[in-house]
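# Results of the structural survey
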Amino acid sequence: MKLYGSLTSPYVRKVRVLIKEKTLPVELVVDDPWLETTRIPAMNPLGKVPALLLDDGEAIYDSTLVIAWLDFRFQCGIVPAEQKGYWDCMKWHTLANGILDAAVARVLESRRPAEKQMPERMAREQARIERALDQIESRMTGGAYLVGPGFTLADIALGVALQYLDFRDPDPWRDRRARLARWHAGIVARSSFAETLPPGFVPPS
Ligand SMILES: N[C@@H](CCC(=O)N[C@@H](CS)C(=O)NCC(=O)O)C(=O)O
């Protein structure tokens, strides 16, 4: 079983953190979907990473589905089984994915030639991120984990999303968000996060 993806994609990183956490037998194959040499479209017609290539040749794609597939196949227990914990975890994952979608859209817009950039588009994406972070800060309970007493997919998804903000756009998101910053420091101290940092990225201390 092989995971295809780039080392800078936060969507791929969510899966890589899960693989490290649970020591799953999945080999990482580095593939940048933006390069002409990419093999991703043969696996995922949408041309995006991550894609998980199964031993029978079938491919699973989209990080949410790849994680659900691995969780089911290896009984990882990364999502609580009881109803409230399950849906809380799914909600956090969805919100974290939304932050990532907004952050990635903003980064892509900022890479267009200056005369073609749409500042209002970037501002709209930034506003989504700010609203999400403010809501999350107001909901933080001060505990070490987002859902229940243990580490879950919610911690992986939001931990990766916030570190992607640090990586691509060192916005002072920690200002006014002390509880979120404290929780995040505990999550990214895990070896699964340290071992999956984008190359060359030094997280803020
Ligand atoms: N919803 C998808 C998003 C995946 C995604 O956007 N991946 C980016 C890398 S960060 C990609 O492959 N982009 C290539 C492209 O847009 O052509 C997921 O969760 O897997």
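Below, the structure is looked at part by part. (Residues numbered from 1 in each chain as written. Predicted model: local features only at pLDDT ≥ 70, side-chain atom pairs only at ≥ 80, totals over all residues. Heavy atoms only, no water.)

What follows concerns the sheet that holds strand β4 (residues 59-61). Judged by pairing direction, the sheet is mixed, and its four strands sit side by side in the order β2-β1-β3-β4 without closing on themselves. Edge positions in the sheet fall to β2 (27-30) and β4, since each of these pairs with one other strand and no more. Sheet twist, expressed as the mean angle between neighbouring strand axes with direction ignored, is 25°. The sheet contact formed by strand β1 (residues 2-5) and strand β3 (residues 51-53) spans three bridges and is antiparallel. From the neighbouring strand, Lys 2 faces β3, where its bridge partner is Leu 53. Those strands touched by helix α1 (residues 10-22) are β1 and β2, and its axis lies near 150° from that of β1. (Pairing = 2+ DSSP bridges. Helix = DSSP H or I, 4+ residues; strand = E, 2+ residues; numbered from the N terminus. Axes fitted to C-alpha atoms, helices over the stretch in contact; angles between N-to-C directions. Contact = heavy atoms within 4.5 Å.)

Across four bridges, the pairing between β1 and β2 is parallel. Bridging from a neighbouring strand, Lys 2 pairs with Glu 27 of β2. In this region the chain leaves β1, passes through α1 and returns to the parallel neighbour β2; the handedness of that crossover is right-handed. (Right-handed = clockwise from strand over helix to strand, strands pointing away.)

Further remarks concern the nonpolar core. Within the largest apolar cluster, 61 residues are counted, with the highest numbers of intra-cluster contacts made by Leu 52, Leu 70, Ile 99, Leu 158 and Leu 180. If you tally residues by element for this core, the top one is helix α6 (residues 153-168), at eleven residues. The two domains that each donate at least three residues to this core are domain 1 (2-74) and domain 2 (83-190). Excluding residues within four positions of it along the chain, Leu 180 makes contact with Leu 133, Ile 136, Glu 137, Met 140, Leu 158, Leu 162 and Trp 173. (Core = buried A, V, L, I, M, F, W, Y, C linked by side-chain atoms within 4.5 Å. Buried < 20%, exposed > 50% of the residue type's maximum accessible area, 1.4 Å probe, protein only. Domains from an automatic or database assignment.)

Here we take up helix α5 (residues 119-139). Each α-helix turn comprises 3.6 residues. Residues three or four places apart therefore point the same way. End to end, α5 covers 30 Å across 21 residues, agreeing with the expected 30 Å (1.5 Å per residue, within 8%). The complete set of buried residues in α5 reads Met 122, Glu 125, Gln 126, Ile 129, Ala 132, Leu 133, Ile 136 and Glu 137. One face of α5 carries all of its buried residues, which in axial projection span an arc of 135°. Away from its buried face, by an angle of more than 90 degrees, α5 presents the exposed residues Glu 120, Arg 124, Arg 131, Ser 138 and Arg 139. Against α4 (83-110), α6 and α7 (178-188) lie the buried residues of α5. (Expected span 1.5 Å × (residues − 1). Arc of directions from axis to C-beta.)

Positionally, Arg 13 belongs in helix α1. Within the buried core, Arg 13 has no salt-bridge partner, and the shortest N-O distance to an opposite charge, that of Asp 166, equals 8.3 Å. Discounting residues that sit within four places of it in the chain, Arg 13 has contacts with Val 160, Gln 163, Phe 193, Thr 196 and Leu 197. (Lys, Arg positive; Asp, Glu negative; His and termini not counted. Salt bridge = Lys/Arg side-chain N within 4 Å of Asp/Glu carboxyl O.)

According to the stated counting rule, one finds four aromatic pairs in the structure shown. An aromatic cluster is built from Tyr 164, Phe 167 and Phe 201, whose rings are joined through pairwise contacts. The ring of Phe 74 carries the charged tip of Arg 73 above its face, separated from the ring centre by 4.6 Å. (Phe/Tyr/Trp six-rings, centres within 6.5 Å; stacked < 30°, edge-to-face > 60°. Lys NZ or Arg CZ within 6 Å of the ring centre and 35° of its normal.)

It is worth spelling out the environment of Pro 33 at this point. Following the sequence through the fold, Pro 33 ends up in the loop between β2 and α2 (40-43). The exposure class of Pro 33 is partly exposed, given its relative accessible area of 21%. The sequence separation of Pro 33 and Pro 50 amounts to 17 residues, and the corresponding C-alpha distance is 9.5 Å. Apart from the residues within four sequence positions on either side, Pro 33 is in contact with Ser 6, Thr 38, Ile 40, Gly 47 and Val 49.

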